[in-house]
2 protein chains.
Amino acid sequence: MSTPIRYVYEFAEGSRDMATLLGGKGAGLAEMTRLGLPVPPGFTVTTEACRTYLATGQEPPELGVQVAHALANLERAMGRDLGRADDPLLVSVRSGARFSMPGMMETILDIGLNDDSVAGLAKASGQERFAWDSYRRLLQMFGHTVMDVDAGLFEQVMGAHKAALSATDDHALDAEELGRVVEEFKAVIRRETGEDFPQDPLEQLYRAVRAVFGSWNSERARVYRRREHIPDDLGTAVNIQAMVFGNLGPDSGTGVAFTRDPATGERGMYGDYLPDAQGEDVVSGVRNAVPLAELEHLDPRAYGQLGDHLRTLEAHYRDLCDVEFTVERGRLWILQTRVGKRTAEAAFRIAHELGTAGTITPDEALARVDGTELTRLMFPRFATRASDVPLAHGVPASPGAAVGVVVFDSDAAVHRAAAGQQTVLVRRETTPEDLPGMIAAEAVLTSRGGKTSHAAVVARGMGKVCVCGADALVIDSAARQFTTPAGAVVREGDTVSVDGTAGTVYPGTVPLTASEVSGTLETGMATGPLTQAVLSLLDHADFVRRLEVRANADTPEDAARARRLGAQGIGLCRTEHMFLGDRRALVEAMILARDDTAREAALAALLPLQREDFTGILAAMDGLPVTIRLLDPPLHEFLPDRTDLAVRIASAARPDPHDRELLTAVERMHEQNPMLGLRGVRLGLAVPGLVAMQVRAVAEAVARRLRDGGRPRAEIMIPLVGTVEELRLARAEAERVLAEVATETGTTPDCPIGTMIELPRAALTAGRIAEVADFFSFGTNDLTQTTWGLSRDDAEASFFPLYLEKGVFAASPFETLDQEGVGRLVELAVKAGRAVNSRLETGVCGEHGGDPESIHFFHRAGLDYVSCSPFRIPAARLEAGRAALTGAAGGDSR
Amino acid sequence: MSTPIRYVYEFAEGSRDMATLLGGKGAGLAEMTRLGLPVPPGFTVTTEACRTYLATGQEPPELGVQVAHALANLERAMGRDLGRADDPLLVSVRSGARFSMPGMMETILDIGLNDDSVAGLAKASGQERFAWDSYRRLLQMFGHTVMDVDAGLFEQVMGAHKAALSATDDHALDAEELGRVVEEFKAVIRRETGEDFPQDPLEQLYRAVRAVFGSWNSERARVYRRREHIPDDLGTAVNIQAMVFGNLGPDSGTGVAFTRDPATGERGMYGDYLPDAQGEDVVSGVRNAVPLAELEHLDPRAYGQLGDHLRTLEAHYRDLCDVEFTVERGRLWILQTRVGKRTAEAAFRIAHELGTAGTITPDEALARVDGTELTRLMFPRFATRASDVPLAHGVPASPGAAVGVVVFDSDAAVHRAAAGQQTVLVRRETTPEDLPGMIAAEAVLTSRGGKTSHAAVVARGMGKVCVCGADALVIDSAARQFTTPAGAVVREGDTVSVDGTAGTVYPGTVPLTASEVSGTLETGMATGPLTQAVLSLLDHADFVRRLEVRANADTPEDAARARRLGAQGIGLCRTEHMFLGDRRALVEAMILARDDTAREAALAALLPLQREDFTGILAAMDGLPVTIRLLDPPLHEFLPDRTDLAVRIASAARPDPHDRELLTAVERMHEQNPMLGLRGVRLGLAVPGLVAMQVRAVAEAVARRLRDGGRPRAEIMIPLVGTVEELRLARAEAERVLAEVATETGTTPDCPIGTMIELPRAALTAGRIAEVADFFSFGTNDLTQTTWGLSRDDAEASFFPLYLEKGVFAASPFETLDQEGVGRLVELAVKAGRAVNSRLETGVCGEHGGDPESIHFFHRAGLDYVSCSPFRIPAARLEAGRAALTGAAGGDSR
C-alpha cells in the first residue's frame, strides 16, 4: 500500500522552503512557528489539494480525514473546540499562493460562530457587543464569499440600521442592535440562496476552504496573474488558523511593522498600529492608525517583544521583513511575515547596508537591486500634492520630469528655446522632421504611438522626458491648442508639467526635486547614504560582470556624458543624425543632383562636417572603441512628406518650382514600405561616393586624432547586410578609401569593419558573413521588426494593446527581447560567426541593450557587449553584473 | 620520384568523360577518334596547364617536353613536319572549355606557315593563291590575337588593295596581290609591336597556346561566364590539330550537320554546306550556304559517309548531335561534335522519340526536357516579320502574346471589354485598384517594376500577358497617351501587340499563332508528334513524382482550368480578390462602420457573396483539397490613395463630405510600412466578426456541397501568424463557428485548419505552431520579403538591377528561392513541425511553387506539395517529376 499524499501540514511541520506546496503565507507561518515566535497555531491545506479540486471539482478524498486530524490537534493546543457553545474556538480561513496576489483571493474570519456559540464567545470574552459584531462579520463574509450573495445587500442592512440611529460609524450599533442585524443578515441569505446559513462549524470550515480554492480562478485573479506573469496552474494553499482578536479593548490592537523604513531604507522599527481593532479595519482605513512608536507607550512589553521578533526575523530572512501582528489583551501574536516591498531608494540602501554589515554577501546585495529601480532614482521628481489633477495620462515612454510652455511644432520649440524658454513639444506623432524641436524641447507629448514610437525612441535616446499615446487628447496643431477629455483647452504658450516616469501631464508648474543619484553617477562622489549605496553596488556589478557596456551616442556631448556614466565605448554612432538641421540642404542637393559632378560637390561639402563630428566623438571617447554606422535610413526621409507637398502644390495659386522638383524626387523615391526599401548598405552601394565620403571622414578624423596624440579607436559598421556579398563590396570600397587616406596622411588608421545583424537572413547566414566581418552588432530593433514582420511604428499604435490584452505577447517584443524567435537568431548567429571567426566581436545596439531582462539573455548568449542610450548605462552596468551572478556564462563556450 | 603531371593528351588517348580536363571540344575529338571517325589527328593541352599558366604567368615546366612529344607523333602520323619548307604540316590552335562559350575565346589557324613554307604549301597543294591567302590569314589572326595589333589595321590594308582593283570580294585578289598584302601585314606588325612576325613554327605554336590561355580572362569571356553562371576558375583546354582545307576547289567544302532538325526535332540529317570554303567563312556569313541535302548531289560518297557517322554519333551519344565537318578534295573529315542545342519543341520530340525507340530510358527522356521549355510551348506566338520594329522593350513578366487597343485606366479597360473590345492596360505601375481593369484586359504594360511587381505577379496569376518595367516609355495617363524613345506617340484606342515571352511591344496588329500544346494539355488529346511527346513525358513525370501539384486559384473558372491542367487541388485561394469590384462598397462600409451594428450589417451582406464564391470553387475542385486563406491585406488597401484624396479635397471648391470621411479613415489607418502592419491574422483578431464571417461562409458552402452530394474538402488557412498564440485564438474562433454551422445544418464539415508560414518567427517557432496547425503552407513571397527585409515592389524597381549586375544575387530571390536563407527556414520549420505533429501537411504557395529550380529544392526539403498559378501547373508537374529523378527524396525522412 502506498503512503497517502499529504494534503495538510500543521504549522510546526512546514518551513519557508515549502512555499510551492504551502504558499507564501503558509510557509512564513510555519517558519515563524519553527523559530518559536508567538504564532496562533493552525495548519495549511496544500496547493496540491487546490489543484485537484480545480481539476476534478472535488477535494481529494483523503483531505477530510487529514483536516479533521489537524483540527483535533489545533483544538487540543488551544484547549477549545471549534464552535463549542460555551467557549468556542474560532478560526480564520485564508488563501495563500506561491506568489503574492494581494486582495485577489478570499479570506473568511470567525469560522465557528453560530446562534449558540455567539453567546459562548460573549461570555468567554466578557464582551457581548464584540461577539455579535464577530458573528455579523462572519455572516457577511461567508454569505458573500461562500454563498455568493451580493455584498451590497448586507451593506444596505447595516446602512439602514445606522441611518435609524443617525449614526455613520459601526460602533454606534450596540450588541442588541447587532443581534437584529444578524437576524436580518440570515434572512437575506435565506431569501437570496434558498438555504439557511450553516450552523454546523465543520460545514462552515469545509465550505470556506472550497470557496478559497475556487477564488483562484476568479476573473480578477486571472487578470492579475496575466499582468504579473504568474502561471495559471499553481493553485492556492489555504491556511486555517486560530483567531486572535485585537478588538477586545484598549489593551488590544493590531498593526503592521517593518524591520526598516520601506520608503528610505533607514534602519529601525517602522510601521503603524491601530488600538482596539482587527486587521481588516487597518486595511479598510476607517480609522487612522498611529505610528508604531506609540505602542512603546501603550504597551512597552509588547513593543519590546515585537522589536525582538523583528530582529530575529530580519536576521533569519536576511532582508527587510514586513510583519502583521495583533495584541490580544496584552499578548503579542505574529500573524504573518514576508520579505517587505520597498521603494527603489530603500532597496539600494538596504542591500548595501546588509552587505556592509556582513548579513549578506556582496553578490547577494547586488541581486537585491535592479536596473529599473536605479533608472527611476536617476530622474528628478515632481513634488505633486494630492490636489494636483492630471490633464492627461499616456504611455510613460521616457522617464523624468519637465516643465515648459506648450509648442505645436519644431520651429516654435527651436525659436522659444533660442529665446531661453523651456518648452514641451506637443505633436500627434513625431517624425525625423521634428528632431530639431525635440532637441530644443524639455519634453515631448504625443497622442499616438507607444514606447517604441519615434517620439519615444528618440526621446529616450536623448534622455528627454516623453509621454506618448495620450490618446484622449485632441491635438489641433493648426489652431495651436489641444483639448483634454475634461474639456480643458491648452494653448501654445501655456505651461504644463510632464511626468515621464508616471505618464502624466499636469497644468502649470509643479515643483521639481532634483535627483542626487544622477549627479553622483556622473561625478562618482557620494553625497549621502543612498548615493553611497548606489556607487558601492555599481562597483560590485562592474567587478563581476563579463558584458561590456557601451553607449548609443551621436554627438561629442552625449559621448562625454556616456563616458562619465561608465560607458566603455560607443556601440552605435548613427551618422544620419548628422545629416539634419542646416545640413539638410546639402543632403537635398545630393539627392536632387542631376549628374555625378553635382552629387560629388554635395558630398564634398558634407565631408568636412562629418569629419568634425567624428573628430569630436573620437576625442570624447579617446582610447575606447567608437562604432560608427554608415548612413542607414532611406534618403526620402530627408525630403518633405509626399502628401503635404502634393497638397501644397495643389493649393498654391502659383506653385513653387522647387516644390515641384522636390515632389518629382519624392514621387520617384516613394516606397510602399520604406523600412524594407533602399536603405543601409543598399543605399551605400547604390549612391556612388556615399560610402567613400563617410569612410573618408572617419579615416581623416582618426588621422587627425593620431596627429594630436590621441588614441582613436573608430570601427566602421555597415548596416542592413542581408548577404555576405553586400558586405564584401562595401568593405572593399571602405578599405580602398582607408588605404588612400593612410597614404595621404602617412598614418595607419586601424579601423575594424563589421556589420549590423538586423535581418533574419544575416543571422541565418552569419557563418558566411563572419568571413568578412570583424564584428557583429545585433540591431535587435530591426531584427525584431523583420523576424515578426512588424513595423513597430504602425503596430504599437494599432494592435499591440489588443495583443497584450489577449495575452498574445507577455511584453512588447520591442521592449524585451523575444528570446524564442529573435533570440534564437542571435544565438544561431553568434555560434556560426564565432565558428568561422574566433576573433569576432559581438554586441547588441538595439533598444534591448538597455533592457534588464534582455541584458540577462545577451549575457547567456555570450555577447561581448551591450550598447544603450547614455542614460541607461548605469542600469545596464548593474544588470550586466546581476546577469553574471545568475546566468549561465555564455562566454565560457568561446 | 613522382610521376610528372600529364598536361597533354593525344586525341586517341582521351574520351568524352574527360571534359573537365580536356574541355568539351577536346573530349569530343577524342571520343570520335576512339570511335574510328575520320578526325584530323592532334592533341589537347589540358585545362590544368591553363590554370597553372593563369596563376603563375608561366606554363608548367613539363609542358614543353610533352607538347614536343605529341607534336612529333602528329608529324609522324601526317607524314609531314610542322612548317617544313617543302610540304608543311599546318595546325590549328583552338580553345575549348568545359562549358561551351561560343566565340568568347581565341582560335588561330594555319600555324606553321612562314616565308618559306608558304611556297611549299603552294607547291604541295598546287594552288598558289590558296597558299598566300592562308599565310595572309595567319598573319592577320596571329597579329591580332597573339601580338595584340588592332584588327582594323589589317582590314585597312585589305580594303586598300580591293579598292585599287575596284573589287569588293577577297577572291578578286590573286596570289601576287596577296603576296603584297602579306608584306604589308608584316610591316604593320613590325610597326605596331616593334618585332617581326615569328618565322619559327614552334614559336608560333607556343605563343598561340599562351594567347588562348590568356583569352580565358578576357573581358568578354568574364562577362559571358558571369551571365551564364560558369565558374571563373575552370580555365580552358587548347586543341592543336592538323589543318584540313575545305577551300581547295569545288571538290572541297565545309558544313554543319545535325542528326535531327534542331528546330522541330524531326528525324533525319539536317544542316548547311558551303562548297570551296573554310569553317570561318560559314561563320562570317560572307557567302550563302546550301542545304546539306545538296551534298548528296555534289559528293554522294562524302554524303553517305557523313550519314553513317551521324548515325554512329547519335547512337553513341544517345542524343541530338551537332557536327562540324570539312571535305578536302573529296575526303570527309569530322572536326567537332557536341550534343546539339535545340528549341523547346525539338527537345520534347527528341526526348520522346529517343525514349520510344528505347535509345534512352523514360527517366532519361524526362530529364532531357524542362518546365521552362514546356511553359514556352504553351503560349500563342506572334508571327513577326523582320520588318516589325518594336515600340518598346521591357521585362518579359508574364509570357504569351496579345493584341488590343491601348487604355490608360481600369475603368476604360472594363468599359471597352464590356463593349467587346480587346484591350491592353498601360499603367506606370499597377495597384489593387487596377485589378478590374487587369481582369478585363488582354495584356498589361507598365513602365515600372520587375518580374515580381504587382502587375507581373497578378498577371501571371491570371495568365495574362505582361510586359513591365518598359522604362523608356513616358506614360502620361492624364493625356491618355504614351511616348516611345523614338518619339512615337501612342494614344488611347490605338492598337498594339504585346509579346510577354520576349518582353516586346509592337505597333498595330501582329498576327498570332495559337499553341497546340496549350489546347492539348487541357483536353488530354494529342494532335501531332509534339503534343504526343508532351503528354507522354508529363505522364511519366506524374508517375515518378512525389510532390503533389496544386493551384493558386480564386474563382471557379480558374479552379476548373487548373484541374484540367492537372492540379490536385487548390493550395491557395485568396479571399481578398473576392472583396473587390462591386463588393468594395460593402468593404468600405465595414471599415467606416461607427459601431458594432453597422459593421455586423456590412459583414452580413458580404457573407452570402463569399458563400457563393466558395461553393463554386468547391464544386470545381470536388473531391480535392481547397485551401482558403482568410483575408490577408491591410484594410486600407480597399480605400483610395491618401495623397490622391488629400489633393482632391484641397483642389475642390466644395469638397465631397464622403471624401472627407474617407480621408479621415485613410489617415487613421495609414501605415508607414503596410506590409508589416495590421494584416493577416492580426486583422482577423482586431476586426470583430471578420474571421467568423469568412469561416461561416466556408462552412455553409461545405454544408451546401454535402447536401448536393458533393465531396467538398475545404481547408482554412490563417495568414501571417508569428506566434502560436495568434493561431490558437483564430483557430478557437474558427472552430466555434464550424461547430455552430454543424449544429445549424446537421452536417459535419470537416475543415482542417492550418497556417501560412511566411514570417521568420513562424519558421523559427514552427514546433510550437505545429501543435495547433493541421498544415503549414509556406508563403515564400512574404517569407523572402521578411527574411531579407526587402519589399519586392520597392526593391525590384530600385536596386535589384544593380544587385544583379554586381553579382550580389545570381537571381532575384523572388524568382528562385534563396535556399541558403529562406530555404533554411523552410527546412527548419518542416523538421520542427513534423517532429511535433507527424500528420502535418506541408506545401508552398508562393510564386516559387511554379519555379523549376525552387521545385527541386521543395522536393528535397520533403514538402508534400507545391501550389502555383494554373498556367504553371504542367511545368510544375514536369519539374516535380524531374526532381524525383535527381533530388534526394526528402520525403524519405518522414
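By the naming in an unreviewed UniProt entry, chain A goes by Pyruvate, phosphate dikinase and is assigned to Streptomyces qaidamensis. The record in UniProt for chain A states the following under Sequence similarities (unreviewed entry): "Belongs to the PEP-utilizing enzyme family." UniProt, in its Cofactor (unreviewed entry) section for chain A, records the words "Mg(2+)".

Moving on, we get to the side chain of threonine 520 of chain B. Residue and element names in this part refer to chain B. Assignment of secondary structure puts threonine 520 in helix H19 (residues 516-523). The class of threonine 520 is buried, set by a relative accessible area of 2%. The residues touching threonine 520, leaving out its near neighbours within four places in the chain, are Met525, Ala526, Thr527, Thr531 and Leu535.

Looking at chain A, the domain boundaries give domain 1 (8-242), domain 2 (253-342), domain 3 (380-514) and domain 4 (545-634 + 671-886). Relative placement of domain 1 of chain A and domain 4 of chain A: their C-alpha centres are 60 Å apart.

Residues and elements named next belong to chain B. Pairing in this open sheet of 8 strands is mixed, and the strands run E12-E22-E21-E14-E15-E16-E17-E13 from one edge to the other. Pairing within the sheet leaves two strands with one partner each, and these edge strands are strand E12 (392-393) and strand E13 (395-398). Relative to strand E17 (residues 465-468), strand E16 (residues 443-446) runs parallel, the two being bridged by 3 bridges. Of the residues in E17, the one forming a bridge with leucine 445 is valine 467. Of the strands in this sheet, strand E14 (401-407) and strand E15 (423-427) are in contact with helix H16 (residues 410-418), which crosses E14 at around 110 degrees.

All names here are of chain A. The sites that UniProt annotates as "binding site: Mg(2+)" (unreviewed entry) are Glu758 and Asp782. For the annotated residues, spread through 25 residues, the largest C-alpha to C-alpha distance comes to 5.4 Å, consistent with a single compact locus. Relative to the elements of secondary structure, glutamate 758 occurs in the loop between strand E28 (753-757) and helix H29 (760-764). Excluding its chain neighbours within four sequence positions, the residues that come into contact with glutamate 758 are Asp632, Arg679, Pro719, Leu720, Gly779, Asp782, Leu783 and Thr786. Of the polar contacts made by the side chain of glutamate 758, one reaches the backbone nitrogen of leucine 720; its length is 2.6 Å. Locating aspartate 782 in the fold gives a position in helix H31 (residues 780-788). The residues touching aspartate 782, leaving out its near neighbours within four places in the chain, are Arg679, Leu720 and Glu758.

Residue and element names in this part refer to chain A. Read across the open sheet, the 5 strands follow the order E8-E7-E6-E9-E10; overall the sheet is antiparallel. With one partner strand each, in any of the chains shown, strand E8 (290-291) and strand E10 (331-339) form the two edges of the open sheet. Looking at chain direction, strand E7 (residues 267-275) and E8 are connected through 2 bridges and run antiparallel. Looking at E8, one finds that aspartate 272 is bridged to proline 291.

Right, let's talk about the relation of the copies chain A and chain B for a bit. Of the transformation placing chain A onto chain B, the axial shift is 0.1 Å and the rotation is 180 degrees, giving an RMSD of 0.4 Å. With respect to symmetry, the two chain copies, as superposed, fit the operation of a two-fold axis. In terms of proximity to the rotation axis, the leading residue of chain A is asparagine 673 of chain A, whose C-alpha is 2.0 Å off the axis. Interface residue correspondence from chain A to chain B reaches 100%, placing this contact among same-surface, isologous pairings.

Turning to the packing of helix H5 (residues 128-145) of chain B against helix H7 (residues 175-193) of chain B, a few remarks are in order. Helix-helix packing: each pair is described by the crossing angle between the helix axes and the interaxial distance. All names here are of chain B. Between H5 and H7, the shortest axis-to-axis distance is 9 Å and the interhelical angle comes to 20 degrees. Relative to H7, H5 is oriented roughly parallel. Both H5 and H7 take part in a crossing whose hand is left-handed. Residues Glu128, Arg129, Trp132, Asp133, Tyr135, Arg136, Leu139, Gln140 and Gly143 of H5 form the contact with H7, whose participating residues are Ala175, Leu178, Gly179, Val181, Val182, Phe185, Lys186 and Ile189. Residue composition of the contact of H5 with H7, by class: 9 nonpolar, 3 polar and 5 charged.

This part covers the packing of aromatic side chains. Applying the stated criterion across every chain, the model contains 33 aromatic pairs over all chains. Three or more aromatic residues joined by ring pairs make a cluster, and in this case those are Trp132, Tyr135, Phe142 and Phe197 of chain A. Sitting over the ring of phenylalanine 99 of chain A, arginine 98 of chain A keeps its end group 5.0 Å from the ring centre. Sitting over the ring of tyrosine 9 of chain B, arginine 6 of chain B keeps its end group 4.3 Å from the ring centre.

About the cut-offs
- Residues numbered from 1 in each chain as written.
- Chains lettered and ligands numbered in written order.
- Predicted model: local features only at pLDDT ≥ 70, side-chain atom pairs only at ≥ 80, totals over all residues.
- Heavy atoms only, no water.
- UniProt positions renumbered as here; feature names shortened; annotations may be inferred.
- Helix = DSSP H or I, 4+ residues; strand = E, 2+ residues; numbered from the N terminus.
- Buried < 20%, exposed > 50% of the residue type's maximum accessible area, 1.4 Å probe, protein only.
- Contact = heavy atoms within 4.5 Å.
- Domains from an automatic or database assignment.
- Pairing = 2+ DSSP bridges.
- Axes fitted to C-alpha atoms, helices over the stretch in contact; angles between N-to-C directions.
- Polar contact = N/O pair within 3.5 Å; in protein donor to acceptor, adjacent residues only side chain to side chain.
- Least-squares fit on C-alpha atoms with pLDDT ≥ 70 in both.
- Parallel < 35°, antiparallel > 145°, perpendicular 65-115°, else oblique.
- Left-handed = near helix turned anticlockwise from the far one by under 90°.
- Nonpolar A, V, L, I, M, F, W, Y, C, P; charged D, E, K, R; others polar.
- Phe/Tyr/Trp six-rings, centres within 6.5 Å; stacked < 30°, edge-to-face > 60°.
- Lys NZ or Arg CZ within 6 Å of the ring centre and 35° of its normal.

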